[in-house]
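Fold and geometry: a report
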Amino acid sequence: FDYIKANIPVLSTEVPDIKEIIEKYDIGAFLENVIPKDMANKVIQIASRPEVYQRWKKNTVAAANDLCWENEEHNLIEFMNNLK
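Residues numbered from 1 in each chain as written. Predicted model: local features only at pLDDT ≥ 70, side-chain atom pairs only at ≥ 80, totals over all residues. Heavy atoms only, no water.

**Comments concerning the side chain of Thr-60**
Using the following cut-off: The numbering of helices and of strands both runs from the N terminus, where a helix is a DSSP run of H or I of at least 4 residues and a strand a run of E of at least 2. Contacts described as polar in this section are N or O atom pairs within 3.5 Å, which, within protein, must combine one atom able to donate a hydrogen with one able to accept it, while residues neighboring in sequence count only if both atoms come from side chains. Only heavy atoms enter the contact rule, under which two residues are in contact if any of them lie within 4.5 Å.
Its place among the elements puts Thr-60 in helix H4 (residues 50–66). Looking at Thr-60, its side chain comes within polar contact range of the main-chain oxygen of Lys-57, at 2.5 Å. Excluding its chain neighbours within four sequence positions, the residues that come into contact with Thr-60 are Ile-4, Asn-7, Ile-8, Pro-9 and Ile-27.

Below, the structure written as structure tokens:
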């Protein structure tokens with residue numbers, strides 16, 4: 001969420017919750033593994049497509065507006081109230 005708030009596209013493994021956010025908002029890409037050479041190649045691949053990077057960067061604004069405490073607070077309160 002720090003990257004999203006800073007308007008930096010996300011590069012992540014396909015952890016289900018993170019994958020859902022990246023795909024929903026179109027804000028980044030996925031790593032197939034965490035081998036440093038493969039990670040570096042993915043960054044180079046992204047850098048070679050500035051139009052895609054800029055689209056992801058622009059989309060982080062909407063994601064940051066949706067994924068903020070002010071919105072999530074209501075979900076947490078509702079969840080906690082349902083535990084009673």
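Moving on from the coordinates now.
**Quick word on the side chain of Ser-12**
Note on placement: Ser-12 falls in strand S1 (residues 10–12). Discounting residues that sit within four places of it in the chain, Ser-12 has contacts with Ile-18, Ile-22, Ala-29, Phe-30 and Leu-31.

Scope: geometric values only; no functional claims are made or implied.
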